[in-house]
Amino acid sequence: MFEFIRTHQRLMQILLAVLILPSFVLFGNPDALRSYFSKEEGIAKIGKVPVLQAEFDQALRDRLDNMRQMYGPDFDTKLLNTVEQRQSVLDELIERKLIAYDFSQKDLTVSKVSLQSLIAQIPGVVTADNRFDSAAYARYAASQGLSTDEYERRLKLREEIRQVIGPVASAAFVPKTVAARLSAINEQEREVQMLMLKPEDFAARVKVTDEMLKAYYEKNAAQFEIPEQINAEYVVLNSDALAEQITVADADVQAYYKANEKSYTTEEQRRASHILITAGKDSSDADKAKAKAKAADILAQLRKKPEDFAKLAKENSEDPGSKEKGGDLDFFGKGMMVPQFDESVFKLKQGEISDLVQSDYGFHIITLTAIRPAGVKTLDEVKAQIAADIKKQKAAKAYKEAAETFGNVLYEQGDSLKPAAEKLKLKIQTVNGLTRNSKPGVPATVETNNPKFLKAIFSDDVVKKKHNTEAVEVAPNTLIAGRIVEYKPASKRPFEEVKAVIQAQVTATEAAALAEKEGIAKLAALKTADSTAGFAEAKVVSRLKNQDIPAVALVDLMRADVQKLPAFVGTHLGNAGYVIFRIGKVTAGTPDAARRASEAQQLTSMQSAQNLYSYIELLKQKSKVTVNKAAVTAPVSAAP
């Protein structure tokens, strides 16, 4: 079950990740494809089309960004720098290209009305008084590294992909008898008694010798190693540090405001409702005439009873995005709708109903329900934001020159960080206990925990000669350099110091082994002659009510053959000992309609995942895919 769910999640990630590919890859421009793919041989090939190393590196960075969003800044980046993870990323990249090409062969469209509705869902784009904030929208798109036009193209593409994938996933079907059988398995209840053989009950029987302890010490030497450590001082150069040194004059803020006043202007917006009778541009003349006649009939009804607009929209409109809302499209600005629709709306008076308006989607009947006049944010409202933006801009411009100076001074005066710090007005900071590997509990945003910096600070030149490290880029527009204050070589904790710890571990292991041995013998005896001696009181257990039984034991318990009762089953719990279950009674359990419905939906989702998987496999069969294994296993500079 869970494997199917993971497959489904992975496929959906692939489909959304298609959006990072260049537009000519997505839309199948043959000349652009040939030019693009001729740049290098590639890390893999789909037929004769290579997957470029640059694309692979970008995909690795995207995977890292996704992991950080899911697990937070503490995510250990080293987990992605493995052959298995790189192969997984490459597999996804190949599948994206296959989907992108298949998608480019299909004739699909997404209306501007649908796009507008999606854009309005972006947090902060629609203000508290229900105005569309174009400046906020532009900032949101910029945060994605896109212009608003580019963002809308990607958004449109995502919706078109959903149109392709939707029918594949929605075709899933699971027979009711299958769903009911699986639910019944989950609901089955077993009345059990439990007998725990705990290691601590056998500890007194364990005989531990010094030879056993020393053997453990030598065999598990890595447990007692103290890695080499460094106490260091360091300086960080980034845009934030430079921005703190910049003062913005009121005159600069005013000039910026005047030059960018349009960004703080909210254009006039209108709210309208419409009824759409579809007749696409490729429809036959007969179909268009039929649609027009139906729209005209609805319009005639509205001329008599305009107050029925919402009712008639719900009954007749063929725009799924607005139909259930009585045709309401909410507020939108000029140019956000298709030209014919846009022109009509901005000619209407409030409360007026249009004549029939024909577009590439069919025939519209439009009513204007509200007008929101244009407005401009005052300088006082945006002054703080403008000052911050100016600081960022100036800091970004100053960074390149500062970075060059930083690197030069670090090298030329390599015995101290002070000259570079004083030159650029940076603070010298200290950090203790650095090791060669990043610390899992320290956020990845901490510069001194970055693998690149740790590699530099532990380099031979820095350790042996006490020189400054080079300037290390640990994030965009962020450099760090350090030098060693104190170096502590690797060592091993003395045997006597850890002897007590070892004795406890060895005793626990040996006691667990004795518990298992006795448990196996006890189980064999019980299967021959039933006895309840030593067992706890009976309790009812199912896959849904595990009664705090360890997962590994629950699996064995629910798998046990119960054709003959009482039945017995045992499970080794590692250092936790051994457990024996006596199963005295089996019942069907109580069906729960809501839970069964949920389980049936999960099964349908699993079948959807299988459908999507089959779709991907079908695409693969159409293309011969080859992979450069050496490139996948080799260290990748862009890898996280």
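Residues numbered from 1 in each chain as written. Predicted model: local features only at pLDDT ≥ 70, side-chain atom pairs only at ≥ 80, totals over all residues. Heavy atoms only, no water.

## Some details on the overall build of the protein
Put simply, the rule is: For the purposes of this entry, the term helix denotes a DSSP run of H or I that reaches at least four residues, the term strand denotes a run of E that reaches at least two, and both are numbered from the N terminus. Buried means the residue's accessible area, taken with a 1.4 Å probe over protein chains only, is under 20% of the maximum for its type, while exposed means over 50%, and partly exposed covers the values in between. What makes two residues a contact is simply this: any of their non-hydrogen atoms within 4.5 Å. Shrake-Rupley sampling with a 1.4 Å probe provides the accessible areas, and residues are treated as covered by the protein chains on show and by no other component.
Check the secondary structure of the protein and you find 23 helices and 19 strands. Residues counted as buried form 40% of the 640 residues belonging to the protein. Pairs at least 24 apart in sequence give 73% of the contacts found in the protein among residues at least 6 apart. Taken as a whole, the protein presents about 35,700 Å² of accessible surface, with 52% of it coming from carbon and sulfur.

## Quick word on the sheet that holds strand β1 (residues 44–46)
Counted only if it meets this: DSSP-based pairing: two strands are paired if at least 2 bridges between them are found. Axis definition: a line fitted to C-alpha atoms, over the contacting stretch in the case of helices. Angles run 0 to 180 degrees between N-to-C directions.
Overall, antiparallel pairing links the three strands, which are arranged β2-β1-β19 in an open sheet. Each of the sheet's edge strands pairs with one partner strand only, and the pair in question is β2 (49–51) and β19 (625–627). Across the sheet, the mean angle separating the axes of adjacent strands is 20° when strand polarity is ignored. Judged from the three bridges that link them, β1 and β19 form a sheet pairing that is antiparallel. Note on β19: the bridge partner recorded for Lys45 is Thr626.

## Some thoughts on the nonpolar core
Rule in force here: What is meant by a nonpolar core is a set of buried Ala, Val, Leu, Ile, Met, Phe, Trp, Tyr and Cys residues, joined one to another through side-chain atoms within 4.5 Å.
With 28 residues, the main nonpolar core has Leu237, Ile386, Phe406 and Leu426 as its most contacted residues. Among the elements that make up this core, the one with the highest residue count is helix α16 (residues 379–412) (10 residues). The contacts of Phe406, once residues within four sequence positions are left out, are Val235, Leu237, Ala420, Leu424, Leu426, Ala471, Leu479, Ile480 and Ala481. In terms of nonpolar packing, the next biggest core, distinct from the first, is built from 21 residues, Ala59, Ile99, Val164 and Leu619 among them.

## Some points on the side chain of Ser344
Along the chain, Ser344 falls in helix α15 (residues 339–345). Every residue in contact with Ser344, bar those within four places of it in the chain, is listed here: Ser354, Val357 and Ile366.

## A look at the sheet that holds strand β5 (residues 229–238)
If you trace the four strands from one edge of the open sheet to the other, you get β12-β5-β14-β13, paired in antiparallel fashion. Since the sheet does not close on itself, it has two edges, and those belong to β12 (429–434) and β13 (472–475), each with one partner. If you compare each strand with its neighbour and ignore which way they point, the axes differ by 40° on average. With three bridges joining them, β13 and strand β14 (residues 478–488) adopt antiparallel strand pairing.

## Concerning the pattern of salt bridges
Inclusion rule: When a carboxyl oxygen of Asp or Glu is within 4 Å of a side-chain nitrogen of Lys or Arg, the pair counts as a salt bridge.
All chains considered together, the criterion is met by 22 salt bridges. Put simply, Lys383 and Asp250 hold a salt bridge, and the shortest N to O gap is 3.6 Å. With Lys383 in helix α16 and Asp250 in helix α12 (residues 250–259), this pair connects stretches of sequence that are 133 residues apart. Judged by relative accessible area, Lys383 falls into the partly exposed class, the value being 35%. With a relative accessible area of 47%, Asp250 lands in the partly exposed category.

## What to know about a nonpolar patch on the surface
The cut-off we apply is this: Patch membership needs two things, relative accessible area over 30% and no salt bridge, and members are linked within 9 Å if like-charged or within 5 Å if nonpolar (Val, Leu, Ile, Met, Phe, Trp, Tyr).
Among the surface-exposed residues, Val178, Leu182 and Ile185 lie close enough to one another that they form a single nonpolar patch of about 200 Å² accessible area. By secondary structure assignment, the location of Val178 is in helix α9 (residues 176–187). A residue is classified by how much of its surface remains accessible, and Val178, at 37% relative accessible area, is partly exposed.

## Section: helix α14 (residues 309–316)
Rule in force here: Think of it as the arc spanned by the lines of direction from the helix axis to the C-beta atoms.
Restricting attention to buried positions, one finds in α14 the residues Phe309, Leu312, Ala313 and Asn316. Within α14, the buried residues cover an arc of 105° as seen down the axis, which keeps them to one side.

## What about the pairing of strand β17 (residues 567–572)?
With five of six residues buried, β17 is to be regarded as a mostly interior element. As consecutive antiparallel partners, β17 and strand β18 (residues 578–587) are separated by five residues, and within that stretch Gly574 has a phi angle of approximately 65°, a positive value.

## Focus on the confidence of the model for the protein
Rules: By definition, pLDDT measures how confident the predictor is in each residue, and it falls between 0 and 100.
Across the protein, the average pLDDT comes to 84, with 88% of residues at or above 70. When mean pLDDT is taken per element in the protein, β17 scores highest with 96 and helix α2 (residues 23–26) scores lowest with 37. Per-residue pLDDT stays below 50 along residues 1–40; that stretch engages in 76 contacts with residues further than four places along the chain or on separate chains. Below a pLDDT of 50 lies the segment residues 635–640, which in the model reaches 16 contacts outside its immediate sequence neighbourhood of four places, other chains included.

## Description of unusual backbone geometry
In the segment running from Leu565 into Pro566, the intervening peptide bond is cis, with an omega of -5°. Backbone geometry at Asp330 places phi at a positive 60°, although glycine is not the residue there. Following the sequence through the fold, Asp330 ends up in strand β8 (residues 328–333). Within the chain, Asn477 stands out as a residue other than glycine whose phi angle is a positive 55°. With respect to the element layout, Asn477 can be found in the loop between β13 and β14.

## Here's the deal with the environment of Ser273
The residue Ser273 is located in strand β7 (residues 269–278) in this model. The sequence separation of Ser273 and Ser322 amounts to 49 residues, and the corresponding C-alpha distance is 8.1 Å. In this structure Ser273 touches Phe309, Gly326, Gly327, Asp328, Leu329, Ile365, Ile366, Thr367 and Thr369, once residues within four positions along its chain are discounted.

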